[in-house]
Amino acid sequence: MHIMEGFLPVEHAIGWFGVSAPFVVAGVMRLRRIVRERPQAKMMLAAAGAFTFLLSALKMPSVTGSCSHPTGTGLGAVVFGPAVMSVLGMIVLLFQALLLAHGGLTTLGANVFSMAIVGPWVSWGVWRLAGKLGASITVAVFFAAMLGDLATYMTTSVQLALAYPDLSSGIPGAIAKFGGIFAVTQLPLAIVEGLLTVVVMNALSGRAGKVDEIQVLCGEVRG
Amino acid sequence: MNNHRSMWLLAAAMILVSLPLVVPIFQGSFSGADDQAMAVITQSRPDYQPWFQPLWTPPSGEVASMLFAVQAALGAGFLGYVIGRRHGSAPKRDDHDGD
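All of these numbers come straight from a predicted model, not from anything done at the bench.

Which parts of the structure should I look at to understand the overall build of chain A?
When its secondary structure is counted, chain A shows eight helices and two strands. Reading the helices (α) and strands (β) of chain A from amino to carboxyl end gives α-α-β-β-α-α-α-α-α-α. Relative to the globule expectation of 17 Å for 223 residues, the C-alpha radius of gyration of chain A, 17 Å, shows essentially globular dimensions. With the C-alpha coordinates aligned to their principal axes, the bounding extent of chain A is approximately 55 × 35 × 30 Å. A buried classification covers 63% of the 223 residues belonging to chain A. Nonlocal contacts in chain A, meaning residues at least 24 apart in sequence, comprise 71% of its contacts between residues at least 6 apart.

Structure follows, in structure tokens:
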């Protein structure tokens, strides 16, 4: 999902920075409030960041014969809500842009939007919806992480399609083209991300079988 | 029971990741999807020049893979620390209810 350095036209690059900035500002404010009101949640916040750090470094082979990586933003979005992940995800993307030449500074706004905003918001929405539908915590966490991951890659496909419409079939054709590269590759990896998120959530909570344990994780209830 | 479930989930994840490498119908160079997307762009617009270069690029694939490994190790290391701490500080629960 990393759009490489310099690969978005200037106006697109600036535009995505503009779209992402308010989310990141809101994320910083939310992060500060969590740390102030429930300092016991600090450790879990750092763990949520560590999880995206870990997962976004793992490039895995997929059925399309290419490699891609999960994002790991679903876990933090489920525990703390989507806002904080805009900040944690941006830190990961900055690390990769500066030290790995993976992604870039000019494309940071666009990459933050797909990985640190759309993904976490979709994860959080799925998590809430699944809870309302009466799904078990495990099932809800799995689909939250999996669909958030997919949403990130679909967003990247749309971002590239907007910048590079297909010369004959326009933006829809380009979405199909980039989606074929990203979204199809991502399908099995999104399932892997869902599985890993369930396992890590379990390990962190002792047993994420109950909602109150998620609340303990986010520090709303003292564990 | 719960730990058993985690083992099964991890096994399923491992199978999903290794399947494309061992099943012959999934063929390819296993290059990065990011690079493939950039290749599509440069193919359809050969005259496009990226207008900004990374400030620093790892000098070789080896250095890059080391940095990726460092990234994963930092993440996994800290995650393991938090999991261990939480388990260490958790009150002993005697719930052998087979849940």
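I would appreciate a short explanation of helix α2 (residues 42–55) of chain A in the present structure.
Helical geometry note: an α-helix holds 3.6 residues per turn, so side chains three or four residues apart project in the same direction. All names here are of chain A. Taking 1.5 Å per residue as the helical rise, α2 with its 14 residues ought to reach 20 Å, and the 20 Å between its terminal C-alpha atoms agrees with that figure. Of all 14 residues making up α2, 11 are buried, and the element is well covered by its neighbours. Among all positions of α2, only Met44, Leu45, Ala47, Ala48, Gly49, Ala50, Phe51, Thr52, Phe53, Leu54 and Leu55 are buried.

Looking at this model, I keep getting lost on the packing of helix α7 (residues 170–205) of chain A against helix α2 (residues 33–44) of chain B. Mind explaining?
The description of two helices packed together rests on the angle between their axes and the distance between the axes. Remark: α7 of chain A packs on α2 of chain B, axes separated minimally by 10 Å, with the N-to-C direction vectors making an angle of 175°. As summarised for this structure, α7 of chain A and α2 of chain B are arranged roughly antiparallel, according to the angle between their axes. Together, Lys177, Phe178, Ile181, Phe182 and Thr185 of chain A of α7 of chain A and Ala33, Gln36, Ala37 and Val40 of chain B of α2 of chain B make up the contact between the two elements. Split into classes, the residues belonging to the contact of α7 of chain A with α2 of chain B amount to six nonpolar, two polar and one charged.

I tried to follow the interface of chain A and chain B on my own but got confused; where do I start?
Interface size is commonly expressed as the accessible area that is lost once the parts come together. Taken together, the 54 residues of chain A in the interface contact 52 residues of chain B. Among the elements that line the side of chain A that touches chain B, the one with the most residues is α7 of chain A, at 16 residues. Across the side of chain A that touches chain B, the residue classes tally to 37 nonpolar, 13 polar and four charged. Here two bridges tie strand β2 (residues 66–68) of chain A to strand β1 (residues 31–32) of chain B, and the two strands are oriented parallel to one another. Across the sheet, the residue bridging to Ser66 of chain A is Ser31 of chain B, located in β1 of chain B.

Quick question: what am I supposed to make of unusual backbone geometry here?
Across the chain, the bulk of peptide bonds are trans and the bulk of non-glycine residues have phi less than zero. For Ala101 of chain A, which is not glycine, the phi dihedral falls at a positive 50°. Along the chain, Ala101 of chain A turns up in the loop between α4 (83–99) and α5 (108–132). Residues other than glycine seldom take positive phi values, yet Phe30 of chain B does so here, at roughly 55°. Checked against the element boundaries, Phe30 of chain B lands in the loop between α1 (2–22) and β1. You can call Phe30 of chain B partly exposed: it has 16 C-beta atoms within 10 Å.

Please explain the sheet that holds β2 of chain A as it appears in this structure.
Either a parallel or an antiparallel arrangement is found when strands of a sheet pair, and the pairing is made through backbone hydrogen bonds. Ordered in space as β1(A)-β2(A)-β1(B), the three strands form an open sheet in which the pairing is mixed. A single partner strand is all that each edge strand has here, and the edge strands are β1 (60–61) of chain A together with β1 of chain B. Examined bridge by bridge, β1 of chain A and β2 of chain A share two bridges and lie antiparallel to one another. In the sheet register, Met60 of chain A faces β2 of chain A, and the bridge partner there is Ser68 of chain A.

What counts as what
Residues numbered from 1 in each chain as written. Chains lettered and ligands numbered in written order. Predicted model: local features only at pLDDT ≥ 70, side-chain atom pairs only at ≥ 80, totals over all residues. Helix = DSSP H or I, 4+ residues; strand = E, 2+ residues; numbered from the N terminus. Rg over C-alpha atoms; globule rule 2.2 N^0.38 Å. Buried ≥ 20, exposed ≤ 12 C-beta atoms within 10 Å, placed from the backbone. Contact = placed C-beta atoms within 7 Å. Expected span 1.5 Å × (residues − 1). Axes fitted to C-alpha atoms, helices over the stretch in contact; angles between N-to-C directions. Parallel < 35°, antiparallel > 145°, perpendicular 65-115°, else oblique. Nonpolar A, V, L, I, M, F, W, Y, C, P; charged D, E, K, R; others polar. Pairing = 2+ DSSP bridges.

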